[in-house]
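Listed below are the residues making up each chain.
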Amino acid sequence: MALRSPSFLDLETLLSQAEYHDINVPKPEDIVETTLRKRSGGGKLGVGALALNGSAGSDVQYQSTYSLEPREKATVSRVIDDLVSQDAVLVNPVGDSALSRDVLIEIEGTARITAVSVLSKVFFLFRRLMIARDIDALNELANLDMEDAAVAEEIRRVYLENELLPLPVLLELTESSLPHKVYVNVRPDFFIDEASADRIEGDLRVLGSVSKLIPAGQFRVTDEWLLYGWEFLMRRIMMAQLQDDLEEVTAQLQRLGLNLPDDDVHAYISGPAVIIDAIALY
């Protein structure tokens, strides 16, 4: 196989898979730099009749990208080759009969960022604006003036300067070998050489493990992407009333020129579908 140049690589998980399958590789050093910054407390969040006041503050982890030297790329490529040669990886499966949770899969297709991940950035920005604007109701998100100077600056940093936010990204992988929809969960770390949206969209091969199988007629809510970092109970309460707001915010973003399909993922993923936790994108 050719030498791979990943744009995203969870090296620790890849080498753990190699160890599990008795592939002899050197132990990795910690090469991902993380910084903890203290975020002050305060602010009020209102959802319907429920309002919470924050005061304790929290630690927010910001992830840094890193580089792979040529020898490391060779090691990574050999590990993937060995996993494939040992049939530890399903390569471009053509049906879902062999799919099960935690199975390793390598699949090709055309990746694009889903609407739920575009919207998750808006919710992240909303949280940053809450204290400054004294916003106390979630439905005010749909009423934010996108041309307001402060709002426009936040949007510019994310959508024009490609600010890498500490958020997981949900990709849809189209034109794959599987007969149903394929989604890829990309964690907010382990990007390589400042890679971001410009290197995780387009034609890709994905190496990862199956995390969720959604049968036909069932669905899964998208709060783990849309409201990443929000408290679990609040996520559940908010998701119960968000659909209309999501559609309105999506319409605003479309008017700004963002191309979001009308049938894209918003509040839930409908089956049949499979979600893959990415280990490497290349």
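Each remark here, short or long, concerns the structure printed above.
Residues numbered from 1 in each chain as written. Predicted model: local features only at pLDDT ≥ 70, side-chain atom pairs only at ≥ 80, totals over all residues. Heavy atoms only, no water.

**Brief notes about the overall build of the protein chain**
A tally of helices and strands in the protein chain yields 8 helices and 13 strands. The 282 residues of the protein chain split such that 46% are buried. Carbon and sulfur atoms make up 47% of the accessible area of the protein chain, which amounts to about 14,500 Å² in all. (Helix = DSSP H or I, 4+ residues; strand = E, 2+ residues; numbered from the N terminus. Buried < 20%, exposed > 50% of the residue type's maximum accessible area, 1.4 Å probe, protein only. Areas by Shrake-Rupley, 256 points an atom, 1.4 Å probe, with all protein chains shown as cover.)

**Quick look at the nonpolar core**
The tendency in soluble globular proteins is for nonpolar side chains to be buried side by side. Within the largest apolar cluster, 25 residues are counted, with the highest numbers of intra-cluster contacts made by L171, V184, V186 and L281. Counting residues per element, the ones that place at least two in this core are β7 (104-113), β8 (169-174), β9 (181-186), β10 (202-214) and β13 (273-281). With near-sequence residues (within four places) excluded, L281 lies in contact with P6, S7, F8, L171, V184, V186, I200, L204, R205 and V206. Core analysis: the next-biggest nonpolar cluster, separate from the first, contains 20 residues, V116, M238, V265 and I275 among them. (Core = buried A, V, L, I, M, F, W, Y, C linked by side-chain atoms within 4.5 Å. Contact = heavy atoms within 4.5 Å.)

**Comments concerning unusual backbone geometry**
Excluding glycine, most residues fall at negative phi; most peptide bonds, likewise, are trans. Cis rather than trans, the peptide bond between G271 and P272 has omega equal to 5 degrees. One non-glycine residue, D22, lies in the positive phi region at around 60 degrees. Among the structural elements, D22 can be located in the loop between α1 (11-20) and β2 (34-39). Of the residues examined, D22 reaches a relative accessible area of 72% and is grouped as exposed. The phi dihedral of N92 falls on the positive side, at around 45 degrees, and the residue is not glycine. By the secondary structure assignment, N92 is in the loop between β6 (89-91) and β7. Taking the relative accessible area as the measure of exposure, N92 reaches 27% and is therefore partly exposed.

**Topic: the pairing of β9**
Counting buried residues along β9, 5 of its 6 residues qualify, which places the element largely inside the surrounding structure. Hairpin connection from β8 to β9: 6 residues lie between these consecutive antiparallel strands, with E175 at a positive phi of about 60 degrees. Two strands pair when backbone bridges link them, and β9 and β13 are joined in this way by 5 bridges, in the parallel orientation. Along β13, the bridge assignment pairs V184 with I276. (Pairing = 2+ DSSP bridges.)

**Details of the pattern of salt bridges**
In this structure the tally under the stated criterion is 7 salt bridges. Between E224 and K212 there is a salt bridge, with the nearest N and O atoms lying 3.6 Å from each other. One end of the pair, E224, is in helix α6 (residues 223-226); the other, K212, is in strand β10, and 12 residues separate them in sequence. The partner of D223 in a salt bridge is R236, with the nearest N and O atoms 2.6 Å apart. One end of the pair, D223, is in helix α6; the other, R236, is in helix α7 (residues 232-239), with 13 residues separating them in the sequence. Among the residues examined, D223 registers a relative accessible area of 3% and is labelled buried. Judged by its relative accessible area of 38%, R236 is partly exposed. Here the salt bridges do not stand alone but share partners, grouping K212, R220 and E224 into one network. (Salt bridge = Lys/Arg side-chain N within 4 Å of Asp/Glu carboxyl O.)

**Describing the pairing of β8**
Across the 6 residues that make up β8, a large majority, 5, are buried. Both β7 and β8 contribute to a ladder of 4 bridges, which runs antiparallel. From the neighbouring strand, R112 faces β8, where its bridge partner is E172. When β8 meets β9, the two strands line up antiparallel, connected through 5 bridges. Bridge assignment links E172 to a residue of β9, and that residue is Y183.

**Description of the packing of aromatic side chains**
Per the counting criterion, the structure on display carries 2 aromatic pairs. When the ring of F8 is compared with that of F191, the centres are 5.4 Å apart and the planes differ by 70 degrees; the resulting orientation is edge-to-face. One end of the pair, F8, is in strand β1 (residues 8-9); the other, F191, is in the loop between β9 and α5 (197-200), with 183 residues separating them in the sequence. Given the relative accessible area of 0%, F8 is considered buried. Aromatic pair F219 and Y268: ring centres 5.5 Å apart, planes at 65 degrees, arrangement edge-to-face. In this pair, F219 sits in strand β11 (residues 219-221) while Y268 sits in strand β12 (residues 268-270), placing the two residues 49 residues apart along the sequence. (Phe/Tyr/Trp six-rings, centres within 6.5 Å; stacked < 30°, edge-to-face > 60°.)

By themselves, these observations are geometric and do not establish any function.
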